[in-house]
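Here is what each chain is made of, one letter per residue.
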Amino acid sequence: MTDTANLGLPCIEGNQAQKHVTHNEALRLLDTLVQLAVLDRDLTAPPASPAEGESWIVKTGATGAWAGHVDAVASWQDGVWQFSVPRVGWLAYVVDESALLAWDGSAWVSAIVALTPTALNDMTLLGVGTTADATNPFSAKLNNVLLTARTLAESGDGDVRAKLNKEAAGNTASLLFQDNYSGRAEIGLTGDDDFRVKVSPDGSTWRDAIVIDRSTGQVSFPQGGASADLELTLAELSLGVADALNTAQFLGSSGNRFADSFDTLTYVDTGAASNLDSATAGLLKPLATSGASPSYANAGATGNRTATIVVTVAGISVDGGLASNMVNGSTSLDTSGSWYTNTSVAAAGATMRFDFGAGVSKVITEAKWYQNSASVSHGIWKWQGSNDASSWTDIGASFTLGGATVQTQTALSANVTGYRYYQLLGVSGTFSNATFNEEIEFKIDNYAVPTTGNLTVASNALTAAAAPASAKLVARVKEVDTIALNSDLIFSVSRDGGATFSAFTMSKRYTASSVAVYESNALDLSAQPSGTSMKWKVVSANNKMFEINDIYLYWS
């Protein structure tokens, strides 16, 4: 009896008796092998209870009835195993893996792997983990992408490049970054051949942040920013060097870039300065006066101060008396001169706040706490100061509150800063209900608002190699008060040793860590008398407080 060449179906011979047997066997093989699906390919022993027509691919190491039939298709037919030896090109769908396999002549392999490399050419759509469409004919939905170079050992050159090619200069070749499918940033050649970095808040309005000219390689920053030009970048680097070395720096080919971080005042003309507070290294600032030294004799220290100090208590219930009794000048043990709470509470997070009023800034260096019981304490507390009741600065170390009828609190002794608000902040422990809280007094400066004078200060002469035609200045300034640049604060330069000054027009480039960076455009010095003795000068107006951290002067 002969079989067919591909599926091995038995043929009916001429004059064969019982032709239906051969015919039925061929039908069963067709039923098994056409649209072939196997349940599994990982079994070495036949399943105990196979169902009629079910099939498996026999795994290496097969035993029992499957022994000797590795890689064959084993089908349960009419109560016996029927084995079909695969031929090249047979396809089988493995149900438990949802995988399509092909027989390559020696093994069952992935049907995709079995395809020749050219079989994937000229595909119109390809989706990996998602469905591709006409707008995005190649689409992938995944969490990581890896492109790695083919190594020399693999007949490669070890390099890898991703290439984006556009048809013409007016087209786009870019990488677009999206948020929920709405564009937020784009880099590449967008509409011309200059390299651009663009950003968008909404996917509709786009702004160039960085542009690199295709012909010159020059970098521009159309929106400004921290490094909108090379000279500002050099200024910041120079000032960083000066600050790190704690000494002013002359940089540039002819020493025409001067950076001073004021760690010393070697190059500051302190003798000719007016109203300069030079007490703090690294800063130039106006001198501020606050009146008399702190004392218990000054206004606001003792007595009835309820008209000028607002007292509030939070986190502790005031069950008898008023919080304002702490500053009413009375230590009587009743609700007119003291206050108390009926319940002991956790001190942590509780506050007792003293507000000296709008426009008032007080320096307090000591306090006295009065209570009627010497044996009662209220847990651990600390002093804090603020000028906006939002941002608080710790003053001194934590201490135990109470424990004496009069407790002198020296944690404030190092304080030299004026604040509108002072508060006691509970740290830990328990605030007791076992005593009357009577009064608090302050060692305080006078009750006048500190005044800031106007500052004039200039550098010592800096020698230029030749008479400069232009100059540029960068300054880093902490604006303690609101500063109107070029009116409250004016920067100037001279090339004739200070006889003639010309004012820069300064712009605020950005603010970082509360320090503003000012930069001028190049200033033409041709109207000044010729000279090589360079000086910068700062003049303030309107009694504004500020702190100049450093200055960079460039001339050419």
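Before reading on, note that the structure itself is shown above.
In this report, the structure presented in the accompanying data block is examined. (Residues numbered from 1 in each chain as written. Predicted model: local features only at pLDDT ≥ 70, side-chain atom pairs only at ≥ 80, totals over all residues. Heavy atoms only, no water.)

Let us now look at helix α3 (residues 230–245). Because the α-helix completes a turn every 3.6 residues, residues three or four places apart line up on one side. The end-to-end C-alpha separation of α3 is 23 Å, in line with the 22 Å expected for 16 residues at 1.5 Å each. Taken together, the buried positions of α3 are Glu231, Leu232, Ala235, Glu236, Ser238, Leu239 and Ala242. All buried residues of α3 lie within an arc of 165 degrees about the axis, which places them on one face of the element. Residues Leu230, Leu237, Ala244 and Leu245 are exposed on α3 and point more than 90 degrees away from its buried face. In this fold, the buried residues of α3 make contact with β15 (249–251), β16 (257–260), β35 (470–478), β38 (506–512), β39 (515–520) and β42 (547–555). Asn246 lies just past α3 and shows a positive phi near 60 degrees. (Helix = DSSP H or I, 4+ residues; strand = E, 2+ residues; numbered from the N terminus. Expected span 1.5 Å × (residues − 1). Buried < 20%, exposed > 50% of the residue type's maximum accessible area, 1.4 Å probe, protein only. Arc of directions from axis to C-beta. Contact = heavy atoms within 4.5 Å.)

In this structure, Phe491 and Trp536 are the most contacted members of the largest nonpolar core, which totals 33 residues. At the level of secondary structure, the elements contributing two or more residues to this core comprise β35, β36 (489–494), β39, β41 (533–540) and β42. When residues no more than four places from it in sequence are discounted, the contact partners of Phe491 are Leu473, Ala475, Val477, Ser502, Ala503, Phe504, Met506, Tyr518, Lys537, Val538, Ile548 and Ile551. Counting 31 residues, the second-largest nonpolar core is a separate cluster that includes Ala301, Phe356, Ile395 and Leu412. (Core = buried A, V, L, I, M, F, W, Y, C linked by side-chain atoms within 4.5 Å.)

Right, let's get into the environment of Tyr267. With respect to the element layout, Tyr267 can be found in the loop between β16 and β17 (276–277). The sequence separation of Tyr267 and Ala458 amounts to 191 residues, and the corresponding C-alpha distance is 8.9 Å. If we skip the residues at most four places from it in the chain, Tyr267 touches Ala248, Phe250, Phe258, Asp260, Ser459, Asn460 and Leu462.

Moving on: the layout of surface pockets. Estimated volume of the second largest pocket: approximately 650 Å³. If you go around the second largest pocket, you meet 13 residues; those closest to its centre are Asn136, Phe138, Ser139, Ala140 and Lys141. When residues of the lining of the second largest pocket are assigned to their parent elements, the largest contribution, three residues, is made by strand β9 (residues 138–140). When grouped by side-chain class, the residues that make up the lining of the second largest pocket number six nonpolar, five polar and two charged. (1 Å grid on protein atoms, 1.4 Å probe; cavity = no way out; pocket = protein on both sides within 12 Å on 5 of 7 lines; lining within 4 Å. Points joined across faces, edges and corners; volume = space filled by probe spheres on them. Nonpolar A, V, L, I, M, F, W, Y, C, P; charged D, E, K, R; others polar.)

Scanning all chains against the criterion turns up 15 salt bridges. We note a salt bridge from Lys362 to Asp445, for which the minimum N-O separation is 2.9 Å. Of this pair, Lys362 sits in the loop between β24 (351–355) and β25 (364–371) while Asp445 sits in the loop between β31 (437–444) and β32 (451–452), placing them 83 residues apart in sequence. On the basis of relative accessible area, Lys362 is assigned to the buried category, the value being 0%. Residue Glu519 is joined to Lys472 by a salt bridge in which the shortest nitrogen-to-oxygen separation is 3.0 Å. Of this pair, Glu519 sits in strand β39 while Lys472 is found in strand β35, placing the two residues 47 residues apart along the sequence. Note on accessibility: Glu519 and Lys472 belong to one class, buried. One network of salt bridges, in which partners are shared, links Asp192, Arg196 and Asp208. (Salt bridge = Lys/Arg side-chain N within 4 Å of Asp/Glu carboxyl O.)

Paired through their backbone hydrogen bonds, the strands of a sheet run either parallel or antiparallel. One open sheet holds the three strands; their spatial order is β2-β3-β4, and the pairing between them is antiparallel. Unpaired on one side and paired on the other, β2 (55–57) and β4 (80–84) mark the two borders of the sheet. Strand-to-strand twist across the sheet, computed as the mean angle between neighbouring axes with direction ignored, equals 25 degrees. Here strand β3 (residues 73–77) pairs with β4 via five bridges, running antiparallel. Note on β4: the bridge partner recorded for Ser75 is Gln82. (Pairing = 2+ DSSP bridges. Axes fitted to C-alpha atoms, helices over the stretch in contact; angles between N-to-C directions.)

Taken together, the five strands give an open sheet; going across it, the order is β10-β11-β12-β13-β14, and neighbouring strands pair in antiparallel fashion. The open sheet has two free edges, formed respectively by β10 (172–179) and β14 (219–220), since each of these has just one partner strand. With eight bridges joining them, β10 and strand β11 (residues 182–190) adopt antiparallel strand pairing. Along β11, the bridge assignment pairs Leu175 with Ile187.

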